[in-house]
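# Observations on chain architecture
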Amino acid sequence: MNKKLKIFTAIHKSTKRNYLQRMMDNKVYFMNLAKKYSKDYWDGDRRAGYGGYKFIENYWAPVAQKVIKQYNLNNRSKILDVGCGKGFLLYEFAKILPEAEVHGIDISAYAVENAKEEIKPQIRVGNATLLPFKDNSFDFVYALGCMHNLFNF
């Protein structure tokens with residue numbers, strides 16, 4: 001099957017980006033700041049990361065619904081989000097599939113401490129290269145925004 005999955009296209013296109021301007025705006029300083037994955041990365045200046053990564057009701061719901069359909073997930077599924085950040089997408093999975101077992105892991109203690117309250121008990125601080133789970137523990141594992149950062153550890 002050579003079909004492109006457009007699960008995240010709408011989310012990505014929802015924010016306009018001026019890539020050239022971002023490269024000329026003290027980029028090295030902000031890249032080094034971002035690598036700390038602290039408050040500056042999540043809730044600081046946009047140049048250092050997300051710039052105010054807040055929960056928006058139902059923003060991630062269409063993504064969760066498409067993934068559930070594409071991968072035949074259900075209330076018996078075990079789902080792991082590697083690099084879950086504040087757990088917003090994981091929360092949508094838990095809301096749609098309330099009996100599913102969901103877990104998240106993120107390198108950022110700040111993100112985990114500031115995760116959505118309803119999902120916080122299922123999220124822990126950890127490293128994606130040393131997952132604290134037994135092999136084959138999950139039916140579905142995803143990593144949205146962390147794979148490009150693995151060389152940093």
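Residues numbered from 1 in each chain as written. Predicted model: local features only at pLDDT ≥ 70, side-chain atom pairs only at ≥ 80, totals over all residues. Heavy atoms only, no water.

## Let's talk about the overall build of the protein
Looking only at helices and strands, the protein features seven helices and four strands. Secondary structure elements in the protein, listed N-terminal to C-terminal, are α-α-α-α-α-β-α-β-α-β-β. Across the 153 residues in the protein, those meeting the buried criterion constitute 36%. Across the protein, every contact between residues at least 6 apart in sequence was considered, and the portion connecting residues at least 24 apart equals 60%. Accessible surface, the protein: about 9,800 Å² in total, of which carbon and sulfur atoms supply 53%. (Helix = DSSP H or I, 4+ residues; strand = E, 2+ residues; numbered from the N terminus. Buried < 20%, exposed > 50% of the residue type's maximum accessible area, 1.4 Å probe, protein only. Contact = heavy atoms within 4.5 Å. Areas by Shrake-Rupley, 256 points an atom, 1.4 Å probe, with all protein chains shown as cover.)

## A closer look at the environment of N75
Following the sequence through the fold, N75 ends up in the loop between α5 (61-70) and β1 (78-82). With a relative accessible area of 29%, N75 lands in the partly exposed category. Between the alpha carbons of N75 and F93 there is a distance of 9.8 Å; along the sequence they are 18 residues apart. Each residue touching N75, except ones within four places of it in the same chain, is listed here: L97, P98, E99 and A100. At 2.9 Å, the side chain of N75 forms a polar contact with the backbone nitrogen of E99. (Polar contact = N/O pair within 3.5 Å; in protein donor to acceptor, adjacent residues only side chain to side chain.)

## Considering the side chain of S108
In this fold, S108 is placed in the loop between β2 (101-106) and α7 (109-113). Here the side chain of S108 touches W42 through a polar contact of 3.1 Å, side chain to side chain. Leave out the neighbours within four places in its chain, and S108 touches Y37, W42 and V125.

## Overview of the pairing of β2
Taken together, the five bridges between β1 and β2 define a ladder with parallel strand orientation. Residue pairing in the sheet places V82 in a bridge with I105 of β2. As a crossover connection, the stretch from β1 through helix α6 (residues 88-96) into β2 is right-handed. Pairing analysis gives three bridges linking β2 to strand β3 (residues 123-125), with the strands arranged parallel. In the sheet register, G104 faces β3, and the bridge partner there is I123. (Pairing = 2+ DSSP bridges. Right-handed = clockwise from strand over helix to strand, strands pointing away.)

## Brief notes about the confidence of the model for the protein
Residues of the protein with pLDDT of at least 70 account for 82%, and the chain-wide mean is 86. No element of the protein has a lower mean pLDDT than helix α2 (residues 19-23), at 63, and none a higher one than β3, at 98. (pLDDT = per-residue confidence, 0-100.)

## Section: the pairing of β1
Extensive coverage of β1 is indicated by the burial of four of its five residues. Sheet topology note: the β1/strand β4 (residues 140-142) ladder contains three bridges and is parallel. Bridge pairing links L80 to V141 in β4.

## Comments concerning the packing of aromatic side chains
A full pass over the atoms with the stated rule returns 15 aromatic pairs. Here W42 and Y50 contribute two aromatic rings whose centre-to-centre distance is 5.1 Å and whose plane-to-plane angle is 15°, an arrangement assigned as stacked. Accessibility expressed as a relative area gives 32% for Y50, which makes it partly exposed. Plain terms: the ring middles of Y50 and Y53 are 4.4 Å apart, the flat faces sit at 40° to each other, and that makes the pair tilted. A residue is classified by how much of its surface remains accessible, and Y53, at 18% relative accessible area, is buried. Grouping aromatic residues by their ring pairs yields a cluster made of Y37, Y41, W42, Y50, Y53, F55, F88 and Y91. Across the ring face of F55, the terminal group of K116 is positioned such that the distance to the ring centre comes to 4.3 Å. In this structure, K116 is placed above the aromatic ring of Y91, and the distance from its NZ or CZ to the ring centre is 4.8 Å. (Phe/Tyr/Trp six-rings, centres within 6.5 Å; stacked < 30°, edge-to-face > 60°. Lys NZ or Arg CZ within 6 Å of the ring centre and 35° of its normal.)

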